[in-house]
Amino acid sequence: MPVDLNLLKVFVSVASLGSFARAAQQLVMPTSTVSRSIKQLEEQLNCRLIERTTRRMRLTEQGSILLKQSQKLYLELDETLEQISHPNRLTGTLRITVPSEAGSLLLAELLADFALLHPQLAIHCDTQLMPLDVIKDDIDLLLTFHRGELENSSYHSRIIQSWESVVVAAPSLIMKTGRPNNIAELTNMPCISSFSALFGQPWIFINQKKQQQKISINSQYRVNSGILAKAAALKGVGYAILAQEACQLDIKQGLLEVIDFNEKPAPIELRAIYASRSSLSLKIDAFLKYLTEKFPTTEQ
């Protein structure tokens, strides 16, 4: 259905200001013209956008949806026009979510340096353990730790960094349970799992054919922190999958032992996840290139 974009501009002004009169002042046109434009737009869309009384106005459900989407479109258009005029200048707002704890430590200085490189770009960075929906939550880019294949095909993702992982346990726990000979035996042993990040259970391994293999584990102790998981493993609470780099010293000192299997634990990956689009916005593309340069050893 063809829609007059000039009418849409009038609607955004009225809906944003909450007043026909103020919109008329902003657009420098008579209030009657503003009112007539809204009526024409409603006729073109075949639905009521604004409920009007003598005292006030309010958006209908359809009006609220149209306002939200229109504001996003106009924002993207403004950013595109700015980029065309100044191709080396990033403007607008980049909305990022990073994993708290380890993710914040890993990315804190990089984010600050990127902000200094692009002073006219507003950066809104939130920290979350629970993976968010980059579409529903209006997030430009979600950085999250992940193991195995990405299940949601409606997203695109890029690996920023990858760390080899190992199954470890305290010597005291191994003496108590016996050393497992294969990954299937882990299902009957106490294990430390993630509560929500990395999707909790099951554990994911990569077999000798490079195929993903999952096992369900017995997890009475579930945490949302690599630090908490490592501390519990050192105390003998359970077997754990940890990034080898994070526990290398404990292994060397004999505080943790590596349990080797034919299958290897899937590496933990820092992934950048974004909504599937025909092309990335310039600000997202620039940030992804920046991260790739900072982690040059990662295989893409």
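Residues numbered from 1 in each chain as written. Predicted model: local features only at pLDDT ≥ 70, side-chain atom pairs only at ≥ 80, totals over all residues. Heavy atoms only, no water.

By the naming in an unreviewed UniProt entry, the protein chain is LysR family transcriptional regulator, taken from Providencia burhodogranariea DSM 19968. Recorded under Sequence similarities (unreviewed entry), the UniProt text for the protein chain is reproduced unchanged: "Belongs to the LysR transcriptional regulatory family." (UniProt positions renumbered as here; feature names shortened; annotations may be inferred.)

**Quick notes on the overall build of the protein chain**
Summing up its helical and strand segments, the protein chain has nine helices and 15 strands in all. Buried positions account for 41% of the 300 residues belonging to the protein chain. Pairs at least 24 residues apart make up 73% of the contacts formed inside the protein chain by residues separated by at least 6 positions. Total accessible area on the protein chain is roughly 17,300 Å²; 52% of this is exposed by carbon and sulfur atoms. (Helix = DSSP H or I, 4+ residues; strand = E, 2+ residues; numbered from the N terminus. Buried < 20%, exposed > 50% of the residue type's maximum accessible area, 1.4 Å probe, protein only. Contact = heavy atoms within 4.5 Å. Areas by Shrake-Rupley, 256 points an atom, 1.4 Å probe, with all protein chains shown as cover.)

**A few points about the sheet that holds strand β9 (residues 203-206)**
Read from one edge to the other, the open sheet built from three strands follows the order β10-β9-β14, with strand pairing classed as antiparallel. Every interior strand has two partners, whereas the edge strands, β10 (212-215) and β14 (264-265), have only one. Sheet topology note: the β9/β10 ladder contains four bridges and is antiparallel. Looking at the pairing, W203 lines up with I215 of β10. (Pairing = 2+ DSSP bridges.)

**So, the pattern of salt bridges**
Should the charged atoms of two oppositely charged side chains come close, the side chains can pair. A full pass over the atoms with the stated rule returns nine salt bridges. Note that D250 is salt-bridged to K230, the shortest N-O span being 2.8 Å. Here the residue D250 occupies a position in helix α8 (residues 244-252), and K230 occupies one in helix α7 (residues 226-235), the gap between them amounting to 20 residues. For D250, a relative accessible area of 10% corresponds to the buried category. When salt bridges with common partners are traced through the structure, they connect E42, R48, E51 and R52 into a single cluster. (Salt bridge = Lys/Arg side-chain N within 4 Å of Asp/Glu carboxyl O.)

**Some remarks on the side chain of E263**
Among the structural elements, E263 can be located in the loop between β13 (257-258) and β14. For E263, which is buried and forms no salt bridge, the nearest opposite charge comes from K264, at a distance of 9.1 Å. When sequence neighbours within four positions are dropped, the list of residues in contact with E263 reads I183, F205, I206, N207 and Q213. (Lys, Arg positive; Asp, Glu negative; His and termini not counted.)

**What to know about the packing of helix α5 (residues 102-117) against helix α9 (residues 282-294)**
α9 packs onto α5 with a crossing angle of 130° between their chain directions and a minimal axis gap of 11 Å. By the angle class used here, α5 and α9 are oblique. Two packed elements cross with a definite hand, and for α5 against α9 that hand is right-handed. On α9, the residues touching L107, L110, L111, D113, F114 and L117 of α5 are A286, F287, Y290, L291 and K294. (Axes fitted to C-alpha atoms, helices over the stretch in contact; angles between N-to-C directions. Parallel < 35°, antiparallel > 145°, perpendicular 65-115°, else oblique. Left-handed = near helix turned anticlockwise from the far one by under 90°.)

**Points about helix α1 (residues 5-17)**
The first and last C-alpha atoms of α1 sit 18 Å apart over 13 residues, in line with the 18 Å expected at 1.5 Å per residue. Among all positions of α1, only L7, L8, V10, F11, V12, S13, V14 and A15 are buried. Here α1 starts with a cap whose side-chain oxygen sits 2.9 Å from the backbone nitrogen of N6, and that cap is D4. (Expected span 1.5 Å × (residues − 1). Polar contact = N/O pair within 3.5 Å; in protein donor to acceptor, adjacent residues only side chain to side chain.)

**A word on the packing of aromatic side chains**
Under the defined criterion, the tally for this structure stands at five aromatic pairs. Ring centres of F205 and F261 lie 6.3 Å apart, and the angle between their planes is 90°; this geometry places the pair in the edge-to-face category. One end of the pair, F205, is in strand β9; the other, F261, is in the loop between β13 and β14, with 56 residues separating them in the sequence. For F205, a relative accessible area of 0% corresponds to the buried category. For F261, a relative accessible area of 8% translates into the label buried. Look at F287 and Y290: their rings are 6.3 Å apart centre to centre, the planes differ by 25°, and that puts the pair in the stacked class. (Phe/Tyr/Trp six-rings, centres within 6.5 Å; stacked < 30°, edge-to-face > 60°.)

**Some points on the side chain of S219**
Along the polypeptide, S219 turns up in strand β11 (residues 218-223). Side-chain polar atoms of S219 contact the backbone oxygen of C191, separated by 3.5 Å.

**Regarding unusual backbone geometry**
Despite not being glycine, V28 shows a phi value in the positive range, around 55°. Turning to its location among the elements, V28 is positioned in the loop between α2 (20-27) and α3 (31-45). Its relative accessible area of 72% is what places V28 among the exposed residues. Backbone geometry places N46, a non-glycine residue, at a positive phi of 60°. Along the chain, N46 turns up in the loop between α3 and β1 (50-52).

**Some words on the sheet that holds strand β12 (residues 240-243)**
Read across the open sheet, the three strands follow the order β12-β7-β13; overall the sheet is antiparallel. At either end of the open sheet lies a strand with only one pairing partner, and these are β12 and β13. As paired elements, strand β7 (residues 165-169) and β13 share two bridges and run antiparallel to each other. Paired with V168 across the two strands is V258, which belongs to β13.

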